[in-house]
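Residues per chain are reported as follows:
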Amino acid sequence: MELLDIRNLSARVEGRTILKNLSLSLKAGEVHAIMGPNGSGKSTLAQVLAGRAEYEVTSGSVLFQGADLLAMKPEERARAGVFLAFQYPVEIPGVNSTYFLRAALNECRKARGLAELAPIEFLKLVKEKSKILQLDPALLNRPVNEGFSGGEKKRNEIFQMAVLEPTLAILDETDSGLDIDALKAVAAGVNKLRRPDNAALVITHYQRLLNYIVPDFVHVLVDGRIVRSGGKELAFTLEERGYDWISEPTAAPAGANP
Amino acid sequence: MTHSLSKHQTPRQTARPAAPAAPGEAGPPHPGLSLADVLAAFGQGDADSAPAWLQQRRQTARARAARVGFPTAKDEEWRFTPIAPLLRLPLHPAQLPAQRLTAEEIAPFAFGLEGCRLVFVDGYFCAELSSLPAPGGDLQAVSLRAALAGNAPELERHLGRVAGEEAMVFTALNTAFFRDGALLCAAPGKVIAQPVHLLFLATAGAAGASAHVRNLIVAGARSEMKVLETYASLSDAPHFTNTVTELVLGAEARVDHCKIQEENQAAFHLSAVHAQQERGSHWTSHSISTGARLARHQIQTIFRGENAGCLLNGLYLVRGDQLADHHTVVDHAQPRCESHEFYHGVLDGRARGVFNGKILVRQDAQKTNAKQTNRNLLLSDEAVVHTKPQLEIFADDVKCTHGATVGQMDEEAVFYLRSRGIGLEHARRILVRAFASDVVERIPLETVRARLNLMLTERFKDKP
């Protein structure tokens, strides 16, 4: 069974159709990259999958582990194992990072029939996971993302992912605004979390991130449609030639997996 | 010379177009009780037993109340706080309840504090529920009536003098009619470690039952004390609490005054806290207002010596048809004093919030540092906030800043929390609590903070 199965998905925001009959499927253990020029609909896809209300799905379906993802509230999707690493993580003054993350983890654990983690066990987990991301533990005593640098915010996203252990991780332009060291740290974090039973959808404008998170498949999104799919070498071609050379969709854009 | 006067936003902020026909904001004068009716209803009180000086002050206050009358919508100080609904109640003095409250019944209102406590039920001092310090110690804590009977010198010296004769009409009515309250005195140079709890409970089942409560707190030079003043109802009746606390800070005295108003949602709560500060003194006022249909909090301080300071900290949580009003006046009458004000409001339903912060910097008050902030979080489309800074600056070497914000729940933050598995209502509660946290964290009493956090968590769980 596919872990994620997107069929003919169309979505619009503020009356403008952004996704047009997009189809894509992922199996457990796979990393898929979605590349495309600005405005092609990459982030919209991420937002629709995470359940943001501003994006209206006008047609199509999304099955996550066989369940109707679009019928679920954002928190239900998270509890089911979908995680979105935000392109622009939100600063939340007054909400302590540790408190927030423990609340989130315990909600996810409850939904999976697991007992809540006591504060002590939680702190142990946090310590262990923050090492993977080389995240300064002092940040976790601060309000969520408040006063974090761009790099710290992105690391914090992946750190949250490490704690919540999602089945499907969607990384929305996680590389944007990162210097090379931060990029490597984030990528190393993502790679350490790869398992045969989970999958990742890596959305990026540039090929650079894919040197560190090596995808199994690369899809090119143009004007709301996947116009070409291929292996990791497709990313190099795009890097070399830009997006302009892709004018014609491949023969079967609906069957995204080659 | 530094004279900075920053305006973050326009002086008057009205979050939304005025709510349709708020009672008393327009139209003919209210049809309820006149001031003469009220004076008649409360009669002569204890005219016979009071000492001559008090009789005199009561008389003066009556005369002033009669002269000034009740405020109407035309009165700038009361423009957004219509009192007509109060005057439509059959106001009468609350009676001493026949059924005495038990220790178990008041336990939920004790804030987990042990130590000195004075309990008042419907305005009557309740000795058997109170625990007073031994006489002659560092802390004197007695009921006002006991202090009057004992001719405590502080009373004649300060009572009514701190609030002054220009105070609002309800303060004059309080002076005329107060039945009881507390007298707290910290001896000079003494640090009173345990907080003193003044607990005021309303049990009256009759509409319009009124308690006029008067407190006097005198902190001797270099003394330190913490006072918790709390108000709650044990009935659902629309009762009326009219409370005045006067606070005298000697040189270098420090007082932390925390007032929590959580009366029932039909009640009317009119409150004034007046402080007078000598050189180098500092007080903190925490005003937490969650109850009452209408709550007005007048909080005033005057610096009478240099290098004094105050921190005025407040939080109002209102919903339904509640109205919470904070009017602050900081009188920088002396140089080199500091005042900081932080008021946060969370409003839901059709609730209304009013904040008016007056900062008066007199001509000689150079090197004044005054800061004022009012932030409001609206949880519904119908809630309304009226916020107004009022700066009157006559000195030229001062630093005064003020800012006001009125905003709604940050939906980006809500979505972020939900995307991590936290449910919608839980996310909203987390953000409300976060909004209030700055104010709550300034309160030194841990049990009070815990109670407030619980209240913040529970209160907005089910939106009315």
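Residues numbered from 1 in each chain as written. Chains lettered and ligands numbered in written order. Predicted model: local features only at pLDDT ≥ 70, side-chain atom pairs only at ≥ 80, totals over all residues.

Enquirer: Tell me about the interface of chain A and chain B, residues and numbers included.
Expert: Put simply, an interface is often sized by how much accessible area is lost when its parts join up. Facing the 19 residues of chain A at the interface are 16 residues of chain B. Taken together, the elements giving at least two residues each to the side of chain A that touches chain B come down to helix H2 (74–80), strand S7 (92–96), helix H3 (97–111) and helix H5 (150–164) of chain A. (Contact = placed C-beta atoms within 7 Å. Helix = DSSP H or I, 4+ residues; strand = E, 2+ residues; numbered from the N terminus.)

Enquirer: Residue-level account of the domain arrangement of chain B, with values.
Expert: Residues and elements named next belong to chain B. Under the domain assignment, chain B is made up of domain 1 (4–412) and domain 2 (413–464). Distance from the C-alpha centre of domain 1 to the C-alpha centre of domain 2: 26 Å. Every contact between the two is made by 28 residues of domain 1 and, on the other side, 25 residues of domain 2. Sorting the residues of the side of domain 1 that touches domain 2 by element identifies strand S10 (224–233), strand S12 (254–262), strand S14 (282–289), strand S16 (309–318), strand S18 (338–347) and helix H8 (411–418) as the ones contributing at least two each. Considering only residue class, the side of domain 1 that touches domain 2 consists of 13 nonpolar, 8 polar and 7 charged. (Domains from an automatic or database assignment. Nonpolar A, V, L, I, M, F, W, Y, C, P; charged D, E, K, R; others polar.)

Enquirer: Give a detailed account of H5 of chain A, specifying residues and quantitative values.
Expert: Residues and elements named next belong to chain A. Compared with an ideal rise of 1.5 Å per residue, which puts 15 residues at 21 Å, H5 spans 21 Å between its outermost C-alpha atoms and is within 8% of the ideal. Across the 15 residues that make up H5, a large majority, 12, are buried. For H5, the complete set of buried residues consists of Lys-153, Lys-154, Arg-155, Asn-156, Glu-157, Ile-158, Phe-159, Gln-160, Met-161, Ala-162, Val-163 and Leu-164. Glu-165 sits one or two residues past H5 and shows a positive phi near 45 degrees. (Expected span 1.5 Å × (residues − 1). Buried ≥ 20, exposed ≤ 12 C-beta atoms within 10 Å, placed from the backbone.)

Enquirer: Requested: an account of the environment of Leu-294 of chain B, with residues and values cited.
Expert: Residue and element names in this part refer to chain B. Tracing the backbone through its elements, the reader meets Leu-294 in strand S15 (residues 294–303). Spatially, the C-alpha atoms of Leu-294 and Ile-83 are 8.2 Å apart, while their sequence positions differ by 211 residues. Filtering out sequence-adjacent residues up to four positions away, Leu-294 remains in contact with Thr-81, Pro-85, Leu-86, Phe-268 and Leu-323.

Enquirer: Please set out unusual backbone geometry residue by residue, giving values where relevant.
Expert: All names here are of chain A. The backbone of Asn-21 shows a phi angle near 55 degrees, a positive value even though the residue is not glycine. On the neighbour-count criterion, Asn-21 (15 C-beta atoms within 10 Å) is partly exposed. At Glu-165, a residue that is not glycine, the phi angle is positive and equals roughly 45 degrees. Residue placement: Glu-165 occurs in the loop between H5 and strand S9 (168–172). Overall, the presence of 16 C-beta atoms within 10 Å leaves Glu-165 in the partly exposed class.

Enquirer: Describe in detail the confidence of the model for chain A, supporting the description with residues and values.
Expert: Across chain A, the average pLDDT comes to 91, with 95% of residues at or above 70. Contacts from residues 251–258 of chain A, a stretch scored under 50 in pLDDT, to residues over four places away or in other chains number 15 contacts. (pLDDT = per-residue confidence, 0-100.)

Enquirer: Break down the environment of Lys-73 of chain A for me, citing the residues and quoting the values.
Expert: Take Lys-73 of chain A: it is sitting in the loop between strand S5 (67–68) and H2. For the pair Lys-73 of chain A and Arg-52 of chain A, spaced 21 residues apart in the sequence, the C-alpha separation amounts to 8.9 Å.

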